[in-house]
Amino acid sequence: MAKPAFGGYNICFKGCTDSVESVFGSGKIAPSEMTKKLWVYVKSKKLSSK
């Protein structure tokens, strides 16, 4: 039996057509900023569920 994901969040990007550049921008960013921008995108598109 597989262990459930930590935190219990499921994220589904199925059907998304946005490019990586549109989510993160074209410049260099730190990993912490990448994580913040990714979560802003996921929450704005309502892609996560518990």
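Here's a quick rundown of the structure. Quantities reported herein were computed from a predicted structural model and do not represent experimental measurements.

Focus on unusual backbone geometry
Peptide bonds are trans in most cases, and residues, glycine excluded, mostly fall at negative phi. If you check the backbone angles, Lys46 has positive phi at about 55° while not being a glycine. Here Lys46 is to be found in the loop between α2 (31–45) and β2 (48–49). Accessibility expressed as a relative area gives 73% for Lys46, which makes it exposed.

Brief notes about the nonpolar core
Membership of the largest hydrophobic core is limited to five residues, which are Val23, Phe24, Tyr41, Val42 and Leu47. At the level of elements, α1 (20–24) and α2 are the ones that each hand at least two residues to this core. Once residues within four sequence positions are removed from consideration, Leu47 is found in contact with Asn10, Ile11, Cys12, Phe13, Cys16, Tyr41 and Val42.

With respect to the environment of Lys45
Tracing the chain through its elements places Lys45 in helix α2. Sequence-wise, Lys45 and Cys16 are 29 residues apart; in three dimensions their C-alpha atoms are separated by 9.2 Å.

Criteria and cut-off values
Residues numbered from 1 in each chain as written. Predicted model: local features only at pLDDT ≥ 70, side-chain atom pairs only at ≥ 80, totals over all residues. Heavy atoms only, no water. Helix = DSSP H or I, 4+ residues; strand = E, 2+ residues; numbered from the N terminus. Buried < 20%, exposed > 50% of the residue type's maximum accessible area, 1.4 Å probe, protein only. Core = buried A, V, L, I, M, F, W, Y, C linked by side-chain atoms within 4.5 Å. Contact = heavy atoms within 4.5 Å.

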